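# Architecture and fold: a report
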Amino acid sequence: MSGAEVIGLISGIIAIIDATAKVYAAANNASGLPQAFRDVATRLPLVHETLQTVSRHLDTTKPDENSCKAISPILQRCEIRATQLEKIFKDVIPQADASRMERYLLAARTLGKGGTVESLMKGVLEDIQLLANSRVMELATEASIAALIRKAIDELSAILPLLPDGCEAERDALLKELKWTDPTVDKSRIEMTKGGLYEASSSWILSHPSYQKWEKGETRLLWIHGAAGKGKTMLLITIIKQLQSQIGLDPPVANSSLSFFFCQNTDNRLNNAVAVLKGLIYLLLVQDVSLVSYLKSNYDRMGKDIFDNTNAFYTLSNVFRQMIQHSQLETVYLLVDALDECEDGLPDLLGLVRETTLQENRLKWILTSRNRVDIDEDLALENPGAKLSLEVNSEAVSQAIEAYIIHKVAQVSSLRSSPVQRANIQQKLLEKAGGTFLWVDLVLRSLRGVLADNAIHRIDETPSGLLPLYDRMMGDIGKSTSDYRDSCLAMLSVATLAYRPLHILELRTIAGLRYETADLKRIVDICGSFLTLVDDHVYPIHQSAKDYLVSDTAVNKIFPSGKHAVQRSIVDRSITAMENTLRRDMYQLVHPGALTCDVETRPPTLDPLLGVGYSCAYWIDHVCETDKADLQGSRYYRLTNTLGRHIAGSKKGIRIRDSITAFFHDHFLHWLEALSLLGTISNGVLSLTRLRTIVEARMDTFINLIEDVYRFILLNRWLIEEAPLQTYISALLFTPVNSIIRQIFAKEEPSWVLTKPVVEQIWSPCLQIFEGHSNLVQSVAFSPDGSRIASGSGDKTIRIWDAKSGKEVRKLEGHSDWVRSVAFSPDGSRIASGSYDKTIRIWDTKSGKEVRKLEGHSGSVQSVAFSPDGSRIASGLDDKTIRIWDTKSGKEVRKLEGHSHWVLSVAFSPDGSQIASGSGDKTIRIWDTKSGKEVRKLEGHSDWVRSVAFSPDGSRIASGSYDKTIRIWDTKLGKEVRKLEGHSGSVQSVAFSPDGSRIASGSGDKTIRIWDAKSGKEVRKLDGHSHWVQLVYSLQTAAESSLDQTIRPSGSGI
C-alpha cells in the first residue's frame, strides 16, 4: 500500500467521523439519549483533528511502502469501528424535525446501545493513539494531541463497565434481558417436587469407583444411566452438593467452577439442546463475570434473537467454547441430567460434549439418562469406567432404596405407634419396589391418611412396576364416584398436551374448570400419581408419568374423543378467555413510550394476564395441532360439518378458521400488546410462521388475513417488543396503507399525528433486507431447507444469515480476495466458496470452520456448484476452463476445456450426469460429467452468458446474458425454445422456481423479473435495489443479492 492510498484511507475515516458529527449536530436536541452518546459526540472533533495531523505528516514525510503496510491494518480496523459508530448514530439519533412518534421509535432503539458506542469510540481512540505513537509517525511535536488522546481513553475507560461491579451490572442486565432460566432454581423446584433429597439413599455414588476415577481426573466424562425412577436425578443433585461444598458457587472459593442443567421433557423451555447450553452458560457467567464479553459480543452484533432462532445452538456452542477456552479456572465441572428428555438437538449436544472432552483437559462432564443405545453410540465411550449402569449396580441401588423406604415410612404418622406394622410395610415395599424409587414414592403418596391395617392391604393389592402402577391409579380415577372425577380427567388431558407447566389459573382457563383455587389444588392432589403442584404451577410428577398418559394404554381414557378434540377445546377456551381479558393498555401504562423494562421493575399488583398468559403464548400452536381439515376449510370438513360430525368440545358449528378470523378482527393488536407485556413476542412470530405454512396455499380471505398478520408482526416485532403501546401508534402508521390489519384498526391510529408518514400502498414482496457486508454482494444461496442464506462479497467474507429473522449467524473469513460465488451442499452441512484469490474453500456450516481448501486454479474462480449427491464440486474460471473436484479428498478429478473466453457460470443437471457452463464466448456448453466430453454447444446470445440454470426436471436450461435477454433451451436437442425480453440492462442471474413453472431473472437495470416458463410472459417486476441484482430461489422465496451491499428475500407471492 502506497502513501497516497494510506492518506486516502485516512480521508475516508475523517469523512465517516464528520458524517457522525453531523448526524448528532442536526438533531439539535438529543434529549432522551443515553449519556454515552453525548460523551462520544464530544470526542469526535479530537479524532478528526488527530487524523488530519497524521495525514499532513504522511503527505510531508512520504513514507516507504513497508511503513505504509505496517500502519494499514490499524487504519482498516479504525475504519470498521468508525463505520459501525456512524451506523448506530444514524439509527438512534432523532433529527431536529422528528415527531413525537419518531422519537419514541428511536428511543426504543437506543436500548443497550450505550456501552457499544463507548467501546467503539475507545477503540477508535486507541487506534489513532497507535498511529500517533508509531515509529512511522514520529509526531514529537504533537505531544499535546497524544496527551489529549490518552486522557480521552482514560475517561472512556472510567465509564466503561470494566470494574467488577460494572461487569456484574452488565452481566446481570444482559441475563435479565435474555430471560434465561436459572438452573439453581430448577434444581430447588425438582428437589421439592420429589419430596426433598435424602442423602443416605444417594451418597453411595460418591464412593463408587467410577465416580472416584472421574473425581481424580482419570476419566473426564462419566455417564450414569438406568431405567425410569431409579434415582438418577437425586444422584446428580448429591454430586452437585458435594462439588458445591468443595468449591462454592457464587463466587467459587476454589480455582474451579460448577455448571449444571436439568432437562425436562414436560417443559419446552427445558427440553432442548439450546436450553442446556443457555443454562450452562448462565452458571458459568454467575461464577466468572469476565466471560460476559463472549456472550455480549454476539448480542451486540446480532441481537437477542440470535440465541433463539434456527441456528441458536451453533451460536451458543461457539460462545460456550470461547468461555471454556478462556476461563482462568483449573477445572470446570459440567453436569447435565436426563439427556433422554432432550427432545431437540441431542445429537449435536452429545457431539459438543465429546468434542470438548477431547480438546479441553480442564473440563469434567457427568451426564445422566435412561438406557438409550443412541446416547451410548454418540458418546462413544471406550473406557468401561466412564459408564455407570444402575442395573449393573443393583445391589447398591437396593441398599439405597431400603434406606429411602425406612426414612419415608417413618414419616407416615399413622404408623409411628406400631413398630411391627411399620417394619412389615417396609419389608413389603422393599420386596415390590423392583429397585425403583419412584414406585416407592407413588405408593407412599397413596397411603396418606390410610390406617395401618388398610395400608398393608393396599400395598398387597398394588402391582410391582411403574406402568402397572400407573394403570392401577388411572383405573382408580376412572372408577371414582367423586364429583371431581371428570375434572381430574380434563386436568390430566390438558396438562399432558401443554407445552410448559401451567399456573393453576391458566390450567383452570384451558381445562374449562370453574372451581376456586383451593378446589383446584384439591383436584391436583387427587391426580397426585401423575401431577404435582409447586409454587402454584402444575408439573407432571415424572417424565414416565407423561409417557404413560400419551401411551395407547391411557390415551382412550383421558382423550375419549381423540387428542384433536382436546386441542380444539384448548383453542376455543383460550380465545374466549382472551376475548374477555384483552384490551388496550392492560397494565395502565398510559404513556405511549413506556418500555417493557419499566413494566418488569413495576409489575401490576393484580396481573390481568395471569390466567391467560399461556393462552396468549401458545393458542396458535394448539390451533396447528387441531383437525387440519377444519383449519384449512377443506371439502371434507365442509361435508362432515354438514352431516353434523362436529369436533367434540368445539364451538358448535363454528370452524376454527372463523374463530381465528373473528379474534384477529377484534383483538389482534391487543394480543400483540399482551405478548409484549408477557415477553413472548417470539412465540407469536414462531407460531404464526407455523400456521402460515399449514393453511392451504390458495387465495381466499382467511389466507390473506394470515399473510397480513404475519407481515405485520414481522415488520413491527422489534418495536412492539420494547414498547407495548407502540402497537397502536408506530406499528400501525408504518404499515402499508392497504394492509388488512391497518384498515381493520384504523380507529386506533393516533389522532395527534397530523402528518402521517408516507408508506407503501401494499406489502412489498421484499420480506427483509440483510445488511452487514462492507462491499459488493456477489452471490447468494439458500440452504436446502430454506432456513439459511449464504452470501459472498467483495469484502472477502462469506456470511450465513437466518432466513426468517434476517440476523447474521456466522461470518466466514479466509479468502484473500473477492468472494465471487457461494453454494450449499445438498445436505446443507457444507458451503463452497469461489474467489478471485484462485481458490475454492469448503466450510462447515455449523462451526463456521474451513474444512478444505481447493488449490490449483490458474485463474479467478467465477462460479461454483455442488453435484446433487454432494461428492463433486464444479468450478468455472477466467482461464476458460471448468474443473471438477472431489469434495472429500479435495483433489481435481477432471478439467473441461473448450470455451474461448472466461467461464462465468456452471450448473449440474438434477441427476448429476451433465454440467452446463456459460461463458464470455457467448455460448452455453453441456458436458458429460463422467467422461468430461462436450455433449452440446448452444449458440444464440450476442454477448457474454452470465448465468445458467437447469430446470428441476433437467429438460430445460435457462441462460441470462449481457445481451439483456433470457433464453430457454431444450437440453436434448440443443435448440432454443424461447427468448424472454424485457430487461433494459444485462441479465446477471437466472433461477428456476422449485416446481419449474417460473423463472426469475436479476438484471443490471436494478430489477428482478418473474417469467412464466411455458409462455415466456413476464408475470411480475420487482424493484427496490440501487444497483444491479443477482438472485436465487428457495422453496418459498427468491433472494437477491446486489451491488448495493444488501440481500433481500422476496415473498412467495411473487
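Each chain has its residues counted from 1, following the order in which its sequence is written. Reporting in this predicted model follows two pLDDT cut-offs: at least 70 for local features of residues, and 80 or more for side-chain atom pairs to be given and counted; totals over whole chains, interfaces and linings ignore these cut-offs and use all residues. Values reported for side chains reflect all heavy atoms of the structure, with hydrogen atoms and water molecules removed beforehand.

Looking at an unreviewed UniProt entry, one finds the protein named NACHT domain-containing protein and attributed to Lasiosphaeria ovina.

## Thoughts on the overall build of the protein
Going along the chain from the N terminus, every DSSP run of H or I of four or more residues is numbered as a helix, and every run of E of two or more is numbered as a strand. Check the secondary structure of the protein and you find 36 helices and 36 strands. Taking the intrachain contacts of the protein between residues at least 6 apart in sequence as the baseline, contacts between residues at least 24 apart amount to 64%. Calculation of accessible area relied on Shrake-Rupley with a 1.4 Å probe; when residues are assessed, cover is drawn exclusively from the protein chains displayed. A total of about 43400 Å² of accessible surface is found on the protein, and carbon and sulfur atoms cover 49% of it. By the convention used here, residues are in contact when the closest approach between their heavy atoms is within 4.5 Å.

## Side note on empty space enclosed by the protein
The method works on a 1 Å grid over the protein atoms by themselves. A cavity is a set of points holding a 1.4 Å probe that cannot get out, a pocket is an open set with protein on both sides within 12 Å along at least five of seven lines, and residues with an atom within 4 Å of a point line them. Grid points are joined across faces, edges and corners, and a volume is the space filled by probe spheres set on the points. Tallied over the entire structure, the rule returns five cavities of 30 Å³ or more. As a volume, the largest cavity reaches approximately 620 Å³. Around the largest cavity, the lining comprises 37 residues; the ones closest to its centre are Ile190, Lys194, Thr233, Ile541 and His542. Listed by contribution, the elements that provide at least two residues to the lining of the largest cavity are α9 (183-193), α11 (232-247), α19 (437-446) and β8 (537-540). What the second largest cavity holds in volume is close to 50 Å³. Residues belonging to the lining of the second largest cavity are distributed by class as follows: six nonpolar, one polar and one charged. In the scheme used here, Gly and all other residues not listed as nonpolar or charged are polar, with Ala, Val, Leu, Ile, Met, Phe, Trp, Tyr, Cys and Pro taken as nonpolar and Asp, Glu, Lys and Arg as charged.

## Some details on the environment of Asn393
Checked against the element boundaries, Asn393 lands in the loop between β5 (387-389) and α17 (394-409). Considering only alpha carbons, one finds Asn393 and Gly226, 167 residues apart in sequence, at a separation of 9.8 Å. Apart from the residues lying within four places of it in its own chain, the contact partners of Asn393 are His208 and Leu388.

## Digging into unusual backbone geometry
Phi angles above zero are rare outside glycine, and Asp585 is one such case at about 55 degrees. By secondary structure assignment, the location of Asp585 is in the loop between α27 (563-581) and α28 (596-601). Positive phi is not limited to glycine here, since Lys838 has a value of about 75 degrees. By the secondary structure assignment, Lys838 is in the loop between β15 (830-835) and β16 (840-844). Its relative accessible area of 39% is what places Lys838 among the partly exposed residues. Any residue under 20% of the maximum accessible area for its type is buried, any over 50% is exposed, and the rest in between are partly exposed; the area is computed with a 1.4 Å probe on protein chains only.

## Focus on the sheet that holds strand β2 (residues 256-262)
For two strands to pair, DSSP has to find at least two bridges joining them. Strand order in this open sheet of five strands is β2-β3-β4-β1-β5, and the pairing throughout is parallel. Edge positions in the open sheet fall to β2 and β5, since each of these has one partner strand only. Averaged over all neighbouring strand pairs, the angle between strand axes comes to 10 degrees, with direction disregarded. In the sheet, β2 pairs with strand β3 (residues 331-337) via seven bridges, with the strands oriented parallel. Within β3, the residue paired with Phe262 across the bridge is Asp337. Along the sheet, helix α10 (residues 209-216) contacts β1 (221-225), β3, β4 (363-369) and β5; its crossing angle with β4, the most-contacted strand, is approximately 155 degrees. Every axis in this analysis is a line fitted to C-alpha atoms, fitted for helices over the stretch in contact. Angles between the N-to-C directions lie between 0 and 180 degrees.

## Here's the deal with the pattern of salt bridges
Definition used for salt bridges: Asp or Glu carboxyl oxygen within 4 Å of a side-chain nitrogen of Lys or Arg. In the structure shown here, the tally under the stated rule is 47 salt bridges. Lys428 serves as the salt-bridge partner of Asp460, at 3.0 Å between the closest nitrogen and oxygen. Taken as a pair, Asp460 in helix α20 (residues 452-461) and Lys428 in helix α18 (residues 419-433) lie far apart in primary sequence, 32 residues in all. The partner of Asp476 in a salt bridge is Arg472, and the shortest N-O contact between them spans 3.6 Å. With a gap of four residues between them, Asp476 and Arg472 both fall in helix α21 (residues 466-479), about one helical turn apart. On the basis of relative accessibility, which here comes to 40%, the residue Asp476 falls in the partly exposed class. Linked by salt bridges that have partners in common, Lys187, Glu191 and Lys241 make up one network.

## Thoughts on the packing of helix α29 (residues 613-623) against helix α33 (residues 681-694)
Close contact between α29 and α33 brings their axes to 9 Å; oriented N to C, the two are set at 15 degrees. The angle between α29 and α33 falls in the class roughly parallel. For the pair α29 and α33, the crossing hand works out as left-handed. When α29 is examined against α33, the residues Ala617, Tyr618, Ile620, Asp621 and Val623 are found in contact with a partner set consisting of Asn683, Ser687, Leu688, Arg690 and Leu691. In terms of residue class, the contact of α29 with α33 is built from six nonpolar, two polar and two charged. For this classification, under 35 degrees means roughly parallel, over 145 means roughly antiparallel, 65 to 115 means roughly perpendicular, and everything else is oblique. For any helix crossing, the convention is left-handed if the near helix is rotated counterclockwise from the far helix by under a right angle, and right-handed if that rotation is clockwise.

## As for the nonpolar core
Joining through side-chain atoms within 4.5 Å is the link that ties buried Ala, Val, Leu, Ile, Met, Phe, Trp, Tyr and Cys residues into a set, and such a set is a nonpolar core. Counting 140 residues, the largest nonpolar core has Phe320, Leu335, Trp365, Leu367 and Phe530 as its most contacted members. Ignoring anything within four residues of it in the chain, the contact list for Phe530 reads Tyr470, Met473, Met474, Ile477, Leu492, Tyr539, Pro540, Ile541, Ala545, Tyr548 and Leu549. By size, the runner-up hydrophobic cluster in this structure holds 49 residues, among which are Trp619, Leu675, Tyr710 and Ala731.

## So, the sheet that holds strand β27 (residues 956-961)
Taking strand neighbours across the sheet as the criterion, the four strands line up as β26-β27-β28-β29 in an open arrangement whose pairing is antiparallel. The sheet is open, and its two borders are formed by β26 (945-950) and β29 (976-981), each paired with just one other strand. This sheet shows a mean twist of 20 degrees between the axes of neighbouring strands, independent of strand direction.

## Some thoughts on α21
Side chains of residues three or four places apart in an α-helix project in the same direction, reflecting 3.6 residues per turn. Each residue after the first adds 1.5 Å to the expected span of a helix. Relative to the 20 Å expected for 14 residues at 1.5 Å per residue, α21 spans 20 Å between its end C-alpha atoms, a close match to the ideal helical length. Next to the buried residues of α21 lie α19, α22 (485-497), α24 (517-526), α25 (543-549) and α26 (552-558).

## As for α10
Among the residues making up α10, those that are buried are Ser210, Tyr211 and Trp214. The arc that holds the buried residues of α10, viewed along the axis, is 95 degrees, so those residues lie on one side. Across α10 from its buried face, at more than 90 degrees, point the exposed residues Pro209 and Lys216. The secondary structure elements touched by the buried residues of α10 are β1, α11, β3, β4 and β5. Note: the arc covers the axis-to-C-beta directions of the helix.

## Points about the environment of Asp708
Positionally, Asp708 belongs in helix α34 (residues 701-722). Given the relative accessible area of 4%, Asp708 is considered buried. Considering only alpha carbons, one finds Asp708 and Trp763, 55 residues apart in sequence, at a separation of 8.3 Å. With residues near it in sequence (within four places) discarded, Asp708 still touches Ser739, Ile740, Ile741 and Trp763. Here the side chain of Asp708 touches Ser739 through a polar contact of 2.9 Å, side chain to side chain. Within 3.5 Å is the distance limit for a polar contact, defined as a pair of N or O atoms, with the added protein rule that one can donate a hydrogen and the other accept it, and that residues adjacent in sequence qualify only through two side-chain atoms. Within polar-contact distance, the side chain of Asp708 engages the backbone nitrogen of Ile740 at 3.2 Å.

## Things to note about the environment of Ala200
Tracing the chain through its elements places Ala200 in the loop between α9 and α10. Sequence separation between Ala200 and Tyr404 is 204 residues, and the spatial gap between their C-alpha atoms is 7.5 Å.

## A short note on the packing of α10 against α11
The contact between α10 and α11 brings their axes to 14 Å, and the two run at 35 degrees. Helix-helix and strand crossings are classified by hand; for α10 and α11 the assignment is right-handed. On α11, the residues that touch Tyr211, Trp214 and Glu215 of α10 are Ile239, Gln242, Leu243 and Gln246. Tallied by class, residues from the contact of α10 with α11 come to four nonpolar, two polar and one charged.

## Describing the packing of aromatic side chains
Put simply, two rings from Phe, Tyr or Trp (the six-membered ring, in Trp's case) pair if the centres are within 6.5 Å, and we call them stacked under 30 degrees between planes, edge-to-face over 60, tilted for the rest. Within this structure, the stated rule accounts for 23 aromatic pairs. Ring geometry for Phe530 versus Tyr548: centroids 5.9 Å apart, planes at 15 degrees, classification stacked. Pair noted here: Phe530 is in the loop between α24 and β7 (531-534) and Tyr548 is in helix α25, with a separation of 18 residues, a long-range link. Comparing Phe530 with Tyr548 shows no difference in burial state: the two are buried. Seen from their ring centres, Phe663 and Phe664 are 6.1 Å apart, and the 45 degrees between their planes marks the pair as tilted. For the pair Phe663 and Phe664, a shared accessibility class is recorded, and that class is buried.

## Thoughts on the pairing of β27
In terms of burial, β27 is a largely internal element, five of the six residues being buried. Count of turn residues in the β26/β27 antiparallel hairpin: five residues, of which Gly954 carries a positive phi of about 75 degrees. Examined bridge by bridge, β27 and strand β28 (residues 965-970) share five bridges and lie antiparallel to one another. From the neighbouring strand, Ser959 faces β28, where its bridge partner is Arg967.

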